[in-house]
Amino acid sequence: MYSRFLPNTYVKSIFDIDPVFLKENGIRGIITDLDNTLIPWNVQDASAEIIKWFKQLEANNIKVTVISNNNENRVKVFSDPLKVPYIANARKPLKRSFKQAAKLMGLCPGQVAVIGDQLLTDILGGNSAGFYTILVAPIVQTDAKITQINRTIERRIMERFRKKGIFIRKDEQ
């Protein structure tokens, strides 16, 4: 059961994800979470670094779709200036939005990576839909109320992984 929460890989930041590596491994699309993955949960706009990273993805012909459980306005304000498609109110971890995002990009599961900062939404949803999953460390250590509950459960899952020697986050070594 816990294997559904296990990411394929872990990185400290999205900037540690190399577009060339993704391309060489058949990844042609990214489904990414927004809050605490791309920008802090309480910030609206993309940083210059994020804009540069999106341009690197585009230069490598890697499509991107943002999916978020947050409301339409929150996701639109971030995504529209970048001309990136998005799905708001995604109801993650349900796999429907993940599959919808892949369909928007015209890609099959083997060609898509899901990137997110939460095991209970991003990784569980991506794994359930059959995608390659990448867990990133949250950008900031504060969270919205509902996410704080998820983080408590995540810590228990991560502790179980550590005890079994299955998964150790690089920032905890």
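Residues numbered from 1 in each chain as written. Predicted model: local features only at pLDDT ≥ 70, side-chain atom pairs only at ≥ 80, totals over all residues. Heavy atoms only, no water.

The name an unreviewed UniProt entry gives the protein is YqeG family HAD IIIA-type phosphatase, with Ornithinibacillus sp. 4-3 as the organism. Recorded in UniProt under Cofactor (unreviewed entry), the annotation for the protein is "Mg(2+)". (UniProt positions renumbered as here; feature names shortened; annotations may be inferred.)

1. Some points on the overall build of the protein
When you go through the protein residue by residue, the secondary structure sums to six helices and six strands. Its helices and strands in sequence order give the protein the pattern β-α-β-α-β-α-β-α-β-α-β-α, from N to C terminus. A compact globule built from 173 residues would reach a C-alpha radius of gyration of about 16 Å, and the protein, at 15 Å, matches this within 12%. For the C-alpha atoms alone, the extent of the protein along its principal axes is close to 40 × 35 × 30 Å. Out of the 173 residues in the protein, the part that is buried amounts to 48%. Summarising the internal contacts of the protein: among those between residues at least 6 apart in sequence, 69% fall at separations of at least 24. Here the protein has roughly 9200 Å² of accessible surface; of this, 52% comes from carbon and sulfur atoms. Of the side-chain charges in the protein, 26 are positive and 17 negative, and the distance between the mean point of each set is 7 Å. (Helix = DSSP H or I, 4+ residues; strand = E, 2+ residues; numbered from the N terminus. Rg over C-alpha atoms; globule rule 2.2 N^0.38 Å. Buried < 20%, exposed > 50% of the residue type's maximum accessible area, 1.4 Å probe, protein only. Contact = heavy atoms within 4.5 Å. Areas by Shrake-Rupley, 256 points an atom, 1.4 Å probe, with all protein chains shown as cover. Lys, Arg positive; Asp, Glu negative; His and termini not counted. Charge placed at Lys NZ, Arg CZ, Asp CG, Glu CD.)

2. Looking at the packing of aromatic side chains
Applying the stated criterion across every chain, the model contains two aromatic pairs. Aromatic side chains tryptophan 53 and phenylalanine 54 sit 5.8 Å apart centroid to centroid with 80 degrees between the ring planes, which places their arrangement in the edge-to-face category. For tryptophan 53, a relative accessible area of 1% translates into the label buried. Among the residues examined, phenylalanine 54 registers a relative accessible area of 9% and is labelled buried. Arranged with centres 6.3 Å apart and planes meeting at 65 degrees, the rings of phenylalanine 54 and phenylalanine 78 form a pair that is edge-to-face. Within this pair, whereas phenylalanine 54 is found in helix H2 (residues 48–59), its partner phenylalanine 78 is found in helix H3 (residues 72–82), the two being separated by 24 residues in sequence. Across the pair, exposure class does not vary: phenylalanine 54 and phenylalanine 78 are buried alike. (Phe/Tyr/Trp six-rings, centres within 6.5 Å; stacked < 30°, edge-to-face > 60°.)

3. Comments concerning the sheet that holds strand S5 (residues 112–116)
Spatially, the six strands line up as an open sheet ordered S1-S6-S5-S2-S3-S4, and their pairing is parallel. In this open sheet, the two edge strands, each paired with only one partner strand, are strand S1 (9–11) and strand S4 (86–87). As defined by bridge partners, strand S3 (residues 63–67) adjoins S4 across two bridges and the pair is classed as parallel. When the bridges of S4 are listed, valine 66 appears paired with tyrosine 86. Helix H5 (residues 119–128) contacts S5 and strand S6 (132–136) of the sheet and is inclined by roughly 165 degrees relative to S6. (Pairing = 2+ DSSP bridges. Axes fitted to C-alpha atoms, helices over the stretch in contact; angles between N-to-C directions.)

4. Looking at the pattern of salt bridges
Scanning all chains against the criterion turns up four salt bridges. Where aspartate 35 meets arginine 74, a salt bridge forms, and the shortest distance between an N and an O atom there is 2.3 Å. Taken together, the residues aspartate 35 in the loop between strand S2 (29–32) and H2 and arginine 74 in helix H3 connect sequence positions 39 residues apart. A residue is classified by how much of its surface remains accessible, and arginine 74, at 12% relative accessible area, is buried. One continuous salt-bridge network, built from bridges that share partners, spans Asp33, Lys92 and Asp122. (Salt bridge = Lys/Arg side-chain N within 4 Å of Asp/Glu carboxyl O.)

5. Quick word on the nonpolar core
Ile17, Leu38, Trp53, Phe54 and Phe78 are the most contacted members of the largest nonpolar core, which has 26 residues in total. Counting only elements with at least two residues in this core, the list comes to H2, S3, H3, S5 and S6. Per-element tally for this core: the top contributor is H2, with four residues. Contacts of isoleucine 17, omitting those with residues within four sequence positions, involve Val11, Leu22, Trp53, Ile115, Ile134 and Val136. Listed in part, the 13 residues of the second largest apolar core include Ile67, Ala90, Phe98 and Val112. (Core = buried A, V, L, I, M, F, W, Y, C linked by side-chain atoms within 4.5 Å.)

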